[in-house]
Amino acid sequence: MTKSWLFEGGRIIDPQNGTDQERSLLVVDGLFAAAGTPVPADARRVDAGGCWLVPGLVDMHVHLREPGQEYKEDIVSGTRAAAAGGFTAVACMPNTQPVNDCMAVTALILERARQGYARVYPVGAISKGSRGEELAEYGEMKDAGVVAVSDDGMPVRDSQLMRRALEYAGDHNLAVISHSEEIALSRHGVMNEGQMATRLGLMGIPAAAEAIMVYREIALAEYTGRPVHIAHISTAMATDLIRTAKARGVRVTAETTPHYFTLTEEAVQGYNTNAKMNPPLRTEADRLAIRQGLADGTFDAIATDHAPHSSLEKELEFDLAAYGIIGLETAVPLALALVREGVIDARRFVELLSVNPARILGVPGGTLGAGTTADLTVINPDQNFVYTLESVVSKSKNSPFLGWSMQGRAVMTMVAGRLMFELTP
Amino acid sequence: MTAGYHFTQKHILGIHHLSPEDIAYILRTADSFKEISTRTIKKVPTLRGHTIVNLFFEPSTRTRLSFDIAAKRMSADTFTITASASSATKGETLIDTARNIAAMNPDIIIMRHSFSGASELLTRYIGASVINAGDGTHEHPSQGLLDMMTVQEHKGRLADLKVAIIGDILHSRVAHSDILGFTKMGARVYVYGPATLIPRGLAVLGATVCSSLDEAITDADVVMTLRIQKERQSDPLLPSLREYAQKYGVSRQVLDRAKPDAIVMHPGPINRGVELMTDVADGPRSVILDQVTNGVAVRMALLYLVMGNS
């Protein structure tokens, strides 16, 4: 096994160290080497001409389904998909079966992750069983390895519980990630409320259902002085709330996903269950507002909300189909489209997909600095490919992007100097 | 009818999928079939040897009987499966149920289902023609067609008529099919109902949303009332049926604002005294039973036409 790597001719993009230049990059014994370090004789030389070399990408919002729903995905298959998509680390949400609300489940996940292809950062539950009634044991879960808490998929209805979660998580240095949804407004809905829902005769989820809860979290963060991170923002309304809250100094961070900046409710046409997710795809005005939020810094991170479901949950009547799509293998090309279209630059791409998610979660990474662990993603921004069913690495195939022609993808993914994925031509 | 026109639809999933030429052709065909139902021997051999399955996942009296009568008057072999007797209660998926039925080689499957898009889903998995007999809150195309047929009979045309649709638009697949159909045929559709029952973005279907009953009904040629579903009263959509009747119900006084020769329609079943007062439902302007009669003719036409393309 090669212990050293020399990448030559690539564009090094490392915002943490203020670097964006073409030069070689040396990895020795799992660490990024300082400039001037002699190249070991047995180093594998990689021609990275035309490629970007960036700190390993971090997806702060995925569902790996293990334990409990391994027929959809497991930690090994999910991290293999992550590596194939260019991610060196993923944060997995706690809505497994059982819910990750205690150290035993956390320990199991981390044990399984030792066979994985990317770092796994478990997210613990905000409340026991994600039932929204009492706080889970954050202290023990932190000791076991969780990096954040969230009741993703089961939004916290009780505002007092959410306030207590922010306060108590602060004691244990855990990020709190809010799935912001006012259930009373959304519970009958299966897609965005509006023209397409009316045309298809489907019940709608109003944009206000997201905005109301985003504002609640902002108010609680402002009141308690504790930070909060808002997951998967889909609406212009919520984007505006976050922008103004940040402007007055509230400790709020936010993520959006590739599907919200790429697709609209039009994708549901034909009752396409691969366009069913929660929050739902919104309108063109929302999509443009999300892109604006990515451009102006309102959003800190792009996460995938990778949510594998098998055909058992998707080849159904639209009302009965499960919410969610896979996203690990399409995030890089969809985000690169933002760079080509001038919405963000390459530096911001790296911030959104690596630097900021690592910072929000309080985990290492997001840097190519000398002496740090060599988590590295090599991206060929120009490579064209078609995202086909056969090419999907994830166990589940529920993507609205199947059949799309894409430009740009990860060609090598390295964790601590170990090659986890290499695109074979 | 434009020269060289051919009816090419294999399925009838919704008015959305039909062109104005398709609709006109279906209505003409229905018109020619109507006479069969007035004969002493009400049967023609047109669909002899063809198999038609009625797959009803939701209770229905009128629509199911109407399709069944239509098929039998065309000499097709018909079979009816209802939800309580079907595999749905045993946990079988819709697609598996449909594939099993399709394996017995029916020519046409007529389906009613409580979820929008169920008929379209079926077409992706089976080879038979599918006729949507109502899917969730999406469409009920045969009802839309029989409504258009009834209006055309009474008014001699569809173009430039003012059609007022009053009531629960949000949950009404009939309203959706009617709005799409009448506007495609050149009529102007005005809708009115409690704001809680008007879906967002309704204008996308081609209807004008009115702010008063008066605005909707004044000078209307057609007044269509919709059923208020009592079973939905658990949602806080309306304070009471009593208030609905007072503020949104169509009474004789309300109807006086429409044109003197306006006709009154209702897809049934009627909540008498709620959305429609009894004297109007049974009055001289009511064509509600004509709708039912035309339903058989329209469904005969649909079976005949899709069989030609199946």
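Residues numbered from 1 in each chain as written. Chains lettered and ligands numbered in written order. Predicted model: local features only at pLDDT ≥ 70, side-chain atom pairs only at ≥ 80, totals over all residues. Heavy atoms only, no water.

A. Representation of the domain arrangement of chain B in the model. All names here are of chain B. Parsing chain B into structural domains produces domain 1 (15-139 + 294-306) and domain 2 (141-291). Once you take the C-alpha centre of each, domain 1 and domain 2 turn out to be 25 Å apart. Taken together, the contact pairs 30 residues of domain 1 with 25 residues of domain 2. Across the domain 1/domain 2 interface, buried area totals approximately 2,200 Å², and carbon plus sulfur atoms make up 61% of it. Among the residues of domain 1 in contact with domain 2, Ile15, Leu27 and Asn294 are the three that bury the most area, contributing 29% of the side total. Inspection of the region where domain 1 meets domain 2 yields two salt bridges. Linking glutamate 153 and lysine 34 is a salt bridge whose minimum nitrogen-to-oxygen distance equals 2.5 Å. There are 15 residue pairs in polar contact (both at pLDDT 80 or more) connecting domain 1 and domain 2. It is helix H1 (residues 20-34) that contributes the most residues to the side of domain 1 that touches domain 2, eight residues altogether. Tallied by class, residues from the side of domain 1 that touches domain 2 come to twelve nonpolar, ten polar and eight charged. (Domains from an automatic or database assignment. Contact = heavy atoms within 4.5 Å. Buried area = accessible area lost by both parts, 1.4 Å probe. Salt bridge = Lys/Arg side-chain N within 4 Å of Asp/Glu carboxyl O. Polar contact = N/O pair within 3.5 Å; in protein donor to acceptor, adjacent residues only side chain to side chain. Helix = DSSP H or I, 4+ residues; strand = E, 2+ residues; numbered from the N terminus. Nonpolar A, V, L, I, M, F, W, Y, C, P; charged D, E, K, R; others polar.)

B. Examining the domain arrangement of chain A more closely. Residue and element names in this part refer to chain A. Domains assigned within chain A are domain 1 (4-52 + 372-422) and domain 2 (54-361). Its C-alpha centre places domain 1 at a distance of 25 Å from the equivalent point of domain 2. Between domain 1 and domain 2, the residue contacts involve 37 residues of the former and 49 residues of the latter. Buried area between domain 1 and domain 2, both sides added, is near 3,400 Å², and the carbon and sulfur share of it is 65%. Arginine 119 is paired through a salt bridge with aspartate 375; the nearest N and O atoms lie 2.5 Å apart. The interface formed by domain 1 and domain 2 contains 19 residue pairs in polar contact (both at pLDDT 80 or more). When residues of the side of domain 1 that touches domain 2 are traced back to their parent elements, those giving at least two are strand S2 (11-14), strand S18 (376-386), strand S19 (405-415) and strand S20 (418-422). Here the element with the most residues in the side of domain 1 that touches domain 2 is S19; it accounts for eight residues. Looking at the side of domain 1 that touches domain 2 residue by residue, the classes come out as 20 nonpolar, eleven polar and six charged.

C. Representation of the nonpolar core within the structure. The biggest cluster of nonpolar side chains holds 86 residues, and the ones touching the most others in it are A:Tyr138, A:Leu294 and A:Phe349. Built from parts of two domains, this core gets at least three residues from each of domain 1 (4-52 + 372-422) and domain 2 (54-361) of chain A. Leaving out residues up to four positions away in the same chain, A:Tyr138 has contacts with A:Ala125, A:Ile126, A:Val149, A:Ala165, A:Tyr168, A:Ala169, A:His172 and A:Leu174. One finds B:Ala30, B:Met74, B:Ala76 and B:Val163 within the second-largest nonpolar core, a separate group that totals 62 residues. (Core = buried A, V, L, I, M, F, W, Y, C linked by side-chain atoms within 4.5 Å. Buried < 20%, exposed > 50% of the residue type's maximum accessible area, 1.4 Å probe, protein only.)

D. Seen up close, the layout of surface pockets. Residues and elements named next belong to chain A. The volume enclosed by the second largest pocket comes to roughly 590 Å³. For the second largest pocket, the lining is made up of 31 residues, of which Asn95, Gly153, His179, Asn278 and Tyr323 are closest to its centre. Counting residues per element, the ones that place at least two in the lining of the second largest pocket are helix H5 (183-186) and helix H9 (258-262). (1 Å grid on protein atoms, 1.4 Å probe; cavity = no way out; pocket = protein on both sides within 12 Å on 5 of 7 lines; lining within 4 Å. Points joined across faces, edges and corners; volume = space filled by probe spheres on them.)

E. Representation of the packing of aromatic side chains in the model. Under the criterion given, the structure shown has nine aromatic pairs over all chains. Aromatic side chains A:Trp5 and A:Phe7 sit 6.2 Å apart centroid to centroid with 10° between the ring planes, which places their arrangement in the stacked category. Classification of A:Trp5 as buried rests on a relative accessible area of 3%. For A:Phe7, a relative accessible area of 1% puts it in the buried group. Ring centres of B:Tyr244 and B:Tyr248 lie 5.2 Å apart, and the angle between their planes is 20°; on these two criteria the pair is classed as stacked. Residue B:Tyr244 and its partner B:Tyr248 are located together in helix H8 (residues 241-248), separated by four residues, close to a single helical turn. Per residue, the accessibility class of B:Tyr244 equals that of B:Tyr248, and both read buried. Here a set of aromatic residues connected by ring pairs shows up, and it is made of B:Tyr5, B:Phe7 and B:Tyr25. Here A:Lys276 stacks its cationic end above the ring of A:Phe318, 5.4 Å away from the centre of that ring. Taking the ring centre of B:Tyr190 as reference, the NZ or CZ of B:Lys162 above it sits at 4.5 Å. (Phe/Tyr/Trp six-rings, centres within 6.5 Å; stacked < 30°, edge-to-face > 60°. Lys NZ or Arg CZ within 6 Å of the ring centre and 35° of its normal.)

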